[in-house]
Amino acid sequence: MLMPPPDPAALAAAPRFVAALRAAMGAESVIAEPSALRPYESDGLTAYRQVPLAVALPRSTAEVAAALRIASEFGIKVVPRGSGTSLSGGALPLADGLLLGLGKLNRILEIDLANRCAVVQPGVTNLAISHAVAADGFYYAPDPSSQIACSIGGNVAENSGGVHCLKYGLTTNNLLGLEIVLINGEILRIGGKHLDAGLYDLMGILTGSEGLLGVVTEVTVRLLRKPETARALMAGFASSEAAGAAVAAIIGAGIIPAGMEMMDRPAIHAAEDFVHAGYPLDAEALLIVELDGPKVEVDDLIARVSAIVNAHGGTGLRISESEAERLVIWAGRKAAFPAIGRISPDYYCMDGTIPRSRLPEVLRRMSQMSAQYGLRVANVFHAGDGNLHPLILYDANKPGELDAAEAFGSDILRLCVEVGGVLTGEHGVGVEKRDLMPSMFGEIDLGQQQRLKCAFDGDLLLNPGKVFPILHRCAELGAMHVKGGQLPHPDLPRF
């Protein structure tokens, strides 16, 4: 995976740049010693590593603004980083760039239950928000599997989801306001505690922008009342195709579960060995469905879903009768990724989204690819919304296996696009899917996306080398193509 070559001018300016940062932020907030930089060399996509030029750890929005302003003055690139759990290399540092770590901005600033919202700094973990309001009967709905560690600022950057996004939406559906700092140090506030603002949907643009447009320093999130009742059921199936058909039938019946997850045989065994949740080891696929709402409604939905599961060959049906039992059912799914780490030295976690109806075909072709590349794959799905997380198992110490895993993963993502899906559901593009963007977007599409970046970051200093396979200079994007001495649309008046 190639990153932009280091800029000699930036490397030469490093001592003066670091001195300016320390003068503005304090020496204890800036790291430049080679050995101390090593812990920041990668994010959750550990196959790729790069030691940054320096690391800044701001303690306030003002210090974030100062760091960005100084970086802009020196022409130094900046990579924002939250908890470093990104699985697409979104926080992979640059050898000539500043890594801006936001972990010290970790306070919950306000809990406003009357307006059903909370104002938090970007370093607050996802799960901490729900813990802070649990005693009052509220929670924050998006729940990535890494929610115990991942930070809310990173959730905004990647538009994270989780097992309950089917009913309650992704991060973008649960945000009310943002405070961001632009590369020149300017601080902007967008949205707030009110309903949607008019004019341009800037919050929609910034959510999922992967650190390319600005740095998030404050987030206002929507809080929801905990449902009166939540129950989970799980069942094994003789094939992933049968489980996929049950998923389609549940949605087709007009039932929108709080969450609906699938796991295949390798993932089932790994998760069961890890957490001992009572998963059926003789099944080829496991389906977990959660229903929530008023008790009488949940009881009715449980009966309807159970009938659909049984009609599609589900076996060993198990329905939670207590909150503790519901959490046990979910425990294996929530721990699926670390569980896979116990059965393989390394794994490569993919993230593509497909139409639900194409799941059997995609699983069959992934199985063929597995045989072709000689690498095992374990599958975990957000089945309700078609978001796949194939985990390609490999050993980085064996020559050629990382290359094979990368090629296998690229083929899976191309397949997702081929069947009418998209390259990413919630992990982002980062560096992992960067060179696959042309398989989904044409030159005009990519050019328009890059023009948007230029509007926020004209010098292309924020997280370059991510998302776009070829990052044109803004002047090139704004240039007019002249062919045969003729301007395009010669009938239009020119200024």
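Bear in mind that the values here come from a model prediction, so they are computed numbers and not experimental data.

Engineer: If you had to explain the overall build of the chain to someone new, which residues and values would you point to?
Structural biologist: Each helix and strand in the chain was counted, giving 16 helices and 19 strands. Relative to the 2.2 N^0.38 estimate, which gives 23 Å for 495 residues, the radius of gyration of the chain is 24 Å and therefore close to what a compact globule would have. With respect to the principal axes defined by its C-alpha atoms, the chain has extents near 65 × 60 × 55 Å. Buried residues in the chain amount to 53% of all 495 residues. Per element, the accessible surface of the chain, about 20,700 Å² overall, is 56% carbon and sulfur. Across the chain, the 41 positively charged side chains and the 54 negatively charged ones have centroids separated by 2 Å.

Engineer: Let's hear about unusual backbone geometry: which residues, and what values?
Structural biologist: Even without a glycine there, the phi angle at Arg116 is positive, about 55°. Within the element layout of this structure, Arg116 appears in the loop between strand E5 (108-112) and strand E6 (117-120). By relative accessible area, Arg116 is classed as partly exposed at 42%. With a phi angle near 55°, Asn159 is a residue other than glycine that sits in the positive phi range. You can see Asn159 is positioned in the loop between helix H5 (152-158) and helix H6 (165-168).

Engineer: Go over the side chain of Glu210, please, and point to the residues and values.
Structural biologist: Structurally, the position occupied by Glu210 is in the loop between helix H7 (202-206) and strand E10 (215-222). Of the side chains bearing the opposite charge, Lys433 lies closest to the buried Glu210, which forms no salt bridge; the N-O distance is 7.4 Å. Ignoring anything within four residues of it in the chain, the contact list for Glu210 reads Ala157, Glu158, Gly428, Val429, Gly430, Asn463 and Val467.

Engineer: Could you give an account of the state of the cysteines, with specific residues and numbers?
Structural biologist: Tallied over the full model, the rule gives one disulfide. Shown here is the disulfide that connects Cys454 with Cys474, its sulfur atoms set 2.1 Å apart. Here the disulfide of Cys454 and Cys474 is left-handed, its torsion about the S-S bond being about -100°. Placement of Cys454 in helix H15 (residues 443-456) and of Cys474 in helix H16 (residues 474-478) is noted, with a sequence separation of 20 residues between them. No disulfide involves Cys165; its sulfur sits 13 Å from that of Cys150, the nearest cysteine.

Engineer: Describe the nonpolar core, listing the residues and the values that go with them.
Structural biologist: Leu178, Val219, Val221, Met262, Leu287 and Ile392 are the most contacted members of the largest nonpolar core, which has 79 residues in total. The element best represented in this core is helix H14 (residues 401-418), accounting for eight residues. Those residues in contact with Val221 that lie beyond four places of it in its chain are Arg116, Cys117, Ala118, Ile129, Tyr140, Ile152, Asn174, Leu175 and Leu176.

Engineer: Just give me the short version of the sheet that holds strand E3 (residues 77-81), but keep the residues and values in it.
Structural biologist: Across the sheet, four strands lie side by side as E1-E2-E4-E3; this open sheet has mixed pairing. The open sheet terminates on both sides in strands that have one partner only, identified here as strand E1 (30-31) and E3. When E1 meets strand E2 (residues 54-56), the two strands line up antiparallel, connected through two bridges. Bridge assignment links Ile31 to a residue of E2, and that residue is Val55.

Engineer: So what's going on with the sheet that holds E6? Which residues, and what values?
Structural biologist: Taken together, five strands build an open sheet; the order of strands is E5-E6-E10-E8-E9 and the sheet is antiparallel. Because the sheet does not close on itself, it has two edges, and the strands there are E5 and strand E9 (187-191). Going across the sheet, the axis of each strand differs from the next one's by a mean of 10°, ignoring polarity. One ladder, built from four bridges, connects E5 with E6; its direction is antiparallel. Paired with Glu110 across the strands is Val119, a residue of E6. Against the sheet, helix H3 (residues 61-74) touches strand E8 (175-181), E9 and E10, its axis set at about 45° to E8.

Engineer: Provide a residue-level description of the environment of Ile251, including the pertinent values.
Structural biologist: If you trace the backbone, Ile251 turns up in helix H8 (residues 240-252). A sequence separation of 215 residues divides Ile251 from Lys466, and the C-alpha atoms of the two residues are 36 Å apart. Ignoring any residue separated from it by four or fewer positions in sequence, one finds Ile251 in contact with Leu166, Ile256, Pro257, Met260 and Arg356.

Engineer: An account of the pairing of E8 is needed here, citing residue identities and associated values.
Structural biologist: Taking burial as the measure, the seven residues of E8 include seven buried ones, the bulk of the element. Pairing of E8 with E10 involves six bridges; the strand directions are antiparallel. Residue Leu178 lies in a different strand from E10, and its bridge partner there is Val219. Pairing of E8 with E9 involves five bridges; the strand directions are antiparallel. Across the sheet, residue Gly177 finds its bridge partner in E9, namely Gly191. Following E8, the chain reverses through five residues before pairing antiparallel with E9; Gly185 in that reversal takes a positive phi of roughly 90°.

Rules of the game
Residues numbered from 1 in each chain as written. Predicted model: local features only at pLDDT ≥ 70, side-chain atom pairs only at ≥ 80, totals over all residues. Heavy atoms only, no water. Helix = DSSP H or I, 4+ residues; strand = E, 2+ residues; numbered from the N terminus. Rg over C-alpha atoms; globule rule 2.2 N^0.38 Å. Buried < 20%, exposed > 50% of the residue type's maximum accessible area, 1.4 Å probe, protein only. Areas by Shrake-Rupley, 256 points an atom, 1.4 Å probe, with all protein chains shown as cover. Lys, Arg positive; Asp, Glu negative; His and termini not counted. Charge placed at Lys NZ, Arg CZ, Asp CG, Glu CD. Salt bridge = Lys/Arg side-chain N within 4 Å of Asp/Glu carboxyl O. Contact = heavy atoms within 4.5 Å. Disulfide = S-S within 2.5 Å. Core = buried A, V, L, I, M, F, W, Y, C linked by side-chain atoms within 4.5 Å. Pairing = 2+ DSSP bridges. Axes fitted to C-alpha atoms, helices over the stretch in contact; angles between N-to-C directions.

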